[in-house]
Amino acid sequence: MNSRSATVIGYVLGFALLFVIWHLASQYLVSSVLFPSPFPVFERGWVLLEEGLLQESIWASMRRIIQGFLLGSAIGIPVGLAIGSFRPVRLLLEPWTEFFRFIPAVAMITVAVIWFGIGEESKIFLIAYTTVFVVIIATAAGVGAVGRDKIRAAQCLGANKFQVFALVALPATVPYILTGMRLAMANAFVTIVAAELVASNDGLGKMLWDARLFMQVEDIFVALISLGLLGFATDRVFRLLIRAFAGRFNPTM
Amino acid sequence: MVGFVELDGVGMTFRGRTGAYEAVRDFNLELSEGEFFCLLGTSGCGKTTVMNMLAGFDTPTAGQIRLEGKPVRGPGADRGVVFQGHDSLYDWLTARDNIAFGLRLRGMGRSERRAIADRFLNMVGLTGQGSKHPSELSGGMKQRIQIARALANDPRMLLMDEPFGALDAMTRAVLQTELSRIWSENRKTVLFITHDIEEACALATRVGVMKRGPGGTLKAVVPIDLPYPRERTSDAFMASFRQVHELIHAEIHPHE
Ligand SMILES: Nc1ncnc2c1ncn2[C@@H]1O[C@H](COP(=O)(O)OP(=O)(O)OP(=O)(O)O)[C@@H](O)[C@H]1O
Ligand SMILES: [Mg+2]
């Protein structure tokens, strides 16, 4: 058996075990309407899928995550590269990153709603905010970690400053950038749920909030499982990208 | 008549938190074109410091270094460097693209690059391995790639800092023989750093023995006038070995 199919089988069995334990717990440990067994939850999930409501919520949340995440990365990568490459830029901007990264995005929800309203803009702002500092820090660290001999080798092969940056520092930093983006994606999930709980007309966070209001416990569990699966899937994608790029990222050749 | 490489009263004093340390003092050496010079010395005597100055990575705090009469200012494509570790290879490029890196910097076309890289792959005995990435190569293969990368760029001279230091004895012997063969074919000027006496005697036209620091400097230069490939068990080789060994021994046990 190769290691890939072993991984897949491991995941399937792991998830199955999780649902068995969940079922047993709901039957024998805490038998209460507030803690449903997986079966009614799956049934409810199926109904929501057929009605198209679940996809709508997922798409609303994912769209915001992707937009904010791309915006945050688009700002964070160049800024991180600049901080890592130029000492004056680092001295100037490091206080910013060190300051803002301790103000969590959830603390910014109130101000985001005041500034941008409860529509898309505030969510995208919050996701971008939570993404940008993680990506900056990871990117700058990556630039700093480029081996000295790699740079020296390029210099004595005739590389000018720009070539050292574009052909050595940048590709060597790609795995760090991807790792930073992976961490940022996890933050984005936290942030979007919090933002939608507080102020939103749709999305998985809103679904959670409504389900609580109307005591639809199954809906809560459907939303939770959706979040888990979405996070799991996006993280898988990042892990694959990192593995593909870490060893052999090749920018232009 | 000026030498090909001239180190003229070269000194290097490092200044750090713990104060100043004079690693190299009054280092004088002249290399002629096409020679294979081995710089031999105990650990910490300043070999890498000398090489880093010649490569242009560090600026001497005293004296001057000239290559073909021109003072060395910063690193350049005229001095190819083979580093001790193999961290200098680019993991994201194939072996072939690593070798062709310098050619690519000069804007050479893809097919021409490829042809040259393949020629140097053959030269270092890695025919057909060009599509592998460094992570798929052994330590010895990586050092071969480093040598090929430096040579493919056609530098005026080659600087090698203990390139085989991290390899096992058998691989090291094989690579020494191959380096000797390659050098016999192209006669590039080489400055080769090592602390292995046998390696120095097997490769060099001259061996320079360094005095240990602080104030490391050249203590003696021993010419090795033996034909290549060298017969390591011959009496003449043994005699050279003994001569260099005594010089080094006096450095390791100065009070005997
Ligand atoms: N950047 C630096 N700052 C301060 N001291 C340094 C620096 N680089 C080297 N030295 C000191 O200079 C001396 C010579 O170092 P160098 O690396 O040239 O030795 P080496 O002969 O190459 O030794 P080895 O065979 O172990 O590689 C050492 O004592 C070292 O501690
Ligand atoms: Mg050294």
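Just above sits the structure.
Computed from a prediction, not measured in an experiment: that's the story for all the values here. (Residues numbered from 1 in each chain as written. Chains lettered and ligands numbered in written order. Predicted model: local features only at pLDDT ≥ 70, side-chain atom pairs only at ≥ 80, totals over all residues. Heavy atoms only, no water.)

Peer 1: Can you lay out the overall build of chain A for me, pointing to particular residues and giving the numbers?
Peer 2: The number of helices and strands found in chain A is 10 helices and zero strands. Written out in order from the N terminus, the α and β elements of chain A read α-α-α-α-α-α-α-α-α-α. If you line up chain A on its principal axes, its C-alpha atoms span 70 × 55 × 30 Å. The buried share among the 253 residues of chain A stands at 40%. Restricting the contact set of chain A to residue pairs at least 6 apart, pairs at least 24 apart contribute 72%. For chain A, the accessible surface area stands at approximately 13700 Å², while carbon and sulfur atoms represent 71% of it. Each charge class in chain A was averaged separately, 19 positive and 15 negative side chains, and the resulting centres sit 18 Å apart. (Helix = DSSP H or I, 4+ residues; strand = E, 2+ residues; numbered from the N terminus. Buried < 20%, exposed > 50% of the residue type's maximum accessible area, 1.4 Å probe, protein only. Contact = heavy atoms within 4.5 Å. Areas by Shrake-Rupley, 256 points an atom, 1.4 Å probe, with all protein chains shown as cover. Lys, Arg positive; Asp, Glu negative; His and termini not counted. Charge placed at Lys NZ, Arg CZ, Asp CG, Glu CD.)

Peer 1: Report on the pairing of strand β3 (residues 36–40) of chain B, specifying residues and quantitative values.
Peer 2: Residues and elements named next belong to chain B. Burial analysis of β3 places five of its five residues in the buried class, the great majority of the element. Judged by which residues are buried, β3 turns out to be covered on both faces: Phe36, Cys38 and Leu40 on one side and Phe37 and Leu39 on the other are all buried. Bridge analysis of β3 against strand β8 (residues 189–194) gives five bridges, and the strand direction is parallel. Bridge assignment links Phe36 to a residue of β8, and that residue is Val190. Taken together, the four bridges between β3 and strand β9 (residues 206–211) define a ladder with parallel strand orientation. In the strand pairing of β9, Leu39 is matched with Gly208. (Pairing = 2+ DSSP bridges.)

Peer 1: Quick one: what's the story with the sheet that holds strand β7 (residues 157–161) of chain B, residue by residue and with numbers?
Peer 2: Within a sheet, neighbouring strands are paired by backbone hydrogen bonds and run either parallel or antiparallel to one another. Residue and element names in this part refer to chain B. The six strands are arranged β6-β7-β8-β3-β9-β10 in an open sheet whose pairing can be described as mixed. Strands with a single pairing partner mark the edges of an open sheet, and in this sheet they are β6 (79–82) and β10 (217–223). Each adjacent strand pair in this sheet contributes to an overall mean axis angle of 20°, direction not counted. Of the strand pairs in this sheet, β9 and β10 are connected by six bridges, and their pairing is antiparallel. Opposite Val207, over in β10, you have Val222 as the bridge partner. This element, helix α8 (residues 235–252), spans β3, β9 and β10 of the sheet and lies at about 165° to β10. (Axes fitted to C-alpha atoms, helices over the stretch in contact; angles between N-to-C directions.)

Peer 1: Help me get a handle on the site of ligand 1, residues and values and all.
Peer 2: All names here are of chain B. Around ligand 1, 13 residues are found, and the nearest of them are Ser43, Gly44, Lys47, Thr48 and Thr49. For ligand 1, an oxygen atom lies 2.5 Å from a polar atom in the side chain of Ser43. The contact in question runs from an oxygen atom of ligand 1 to an N or O atom on the backbone of Gly46, over 2.9 Å. Contact with the protein chains removes 60% of the 630 Å² of surface that ligand 1 exposes when unbound. Secondary-structure elements contributing two or more residues to the shell around ligand 1 are β2 (19–31) and α1 (47–55). Per-element accounting of the shell around ligand 1 gives the leading share, three residues, to α1. Taken together, the residues that form the shell around ligand 1 break down as four nonpolar, seven polar and two charged. (Near = heavy atom within 4 Å. Polar contact = N/O pair within 3.5 Å; in protein donor to acceptor, adjacent residues only side chain to side chain. Nonpolar A, V, L, I, M, F, W, Y, C, P; charged D, E, K, R; others polar.)

Peer 1: A description of the sheet that holds β2 of chain B should follow, citing residues and the corresponding values.
Peer 2: Residue and element names in this part refer to chain B. Read from one edge of the open sheet, four strands run β2-β1-β4-β5, paired in antiparallel fashion. At either end of the open sheet lies a strand with only one pairing partner, and these are β2 and β5 (70–71). For strand β1 (residues 5–16) and strand β4 (residues 62–67), the ladder comprises five bridges, and the chain directions are antiparallel. Its bridge partner being in β4, Glu6 is matched across the sheet by Arg66. Each of β1, β2 and β4 is contacted by α1, which is oriented at about 115° to β1, the strand it contacts most.

Peer 1: Outline the nonpolar core, supporting the account with residue identities and numerical values.
Peer 2: Core analysis: the biggest nonpolar cluster contains 48 residues, and Phe192, Val207 and Val244 of chain B have the highest contact counts within it. Broken down by element, the residue count for this core peaks at seven residues, all from helix α5 (residues 139–152) of chain B. If sequence neighbours within four positions are ignored, Val244 of chain B has contacts with Leu40, Ile197, Cys201, Val207, Val209 and Val222 of chain B. Among the nonpolar cores identified, the runner-up in size contains 46 residues, and Ala169 of chain A together with Leu93, Leu105 and Leu159 of chain B belong to it. (Core = buried A, V, L, I, M, F, W, Y, C linked by side-chain atoms within 4.5 Å.)

Peer 1: Break down the packing of aromatic side chains for me, citing the residues and quoting the values.
Peer 2: Evaluation of the coordinates by the stated rule reveals 22 aromatic pairs over all chains. Residues Trp22 of chain A and Phe221 of chain A carry aromatic rings whose centres are separated by 5.5 Å and whose planes lie at 20° to one another, so their mutual orientation is stacked. With Trp22 of chain A in helix α1 (residues 3–29) and Phe221 of chain A in helix α10 (residues 217–248), this pair connects stretches of sequence that are 199 residues apart. The class of Trp22 of chain A is buried, set by a relative accessible area of 12%. For Phe221 of chain A, a relative accessible area of 17% gives the class buried. Where Tyr129 of chain A meets Phe133 of chain A, the ring centres are 5.4 Å apart and the plane angle is 75°; that geometry is what we call edge-to-face. With a gap of four residues between them, Tyr129 of chain A and Phe133 of chain A both fall in helix α6 (residues 120–144), about one helical turn apart. Taking relative accessible area as the criterion, Tyr129 of chain A reaches 9% and is therefore assigned buried. The aromatic ring of Tyr90 of chain B is capped on one face by Arg149 of chain B, whose charged end is 5.3 Å from the ring centroid. Its guanidinium or amino end placed over the ring of Tyr228 of chain B, Arg230 of chain B lies 4.1 Å from that ring's centre, counting from NZ or CZ. (Phe/Tyr/Trp six-rings, centres within 6.5 Å; stacked < 30°, edge-to-face > 60°. Lys NZ or Arg CZ within 6 Å of the ring centre and 35° of its normal.)

Peer 1: Tell me about the pairing of β8 of chain B, and please be specific about residues and values.
Peer 2: Residues and elements named next belong to chain B. Taking burial as the measure, the six residues of β8 include six buried ones, the bulk of the element. Neither face of β8 is open: one carries Thr189, Leu191 and Ile193, the other Val190, Phe192 and Thr194, and all of them are buried. Sheet topology places β7 next to β8; five bridges connect them, and they run parallel. By the bridge assignment, Leu158 is partnered in β8 with Val190.

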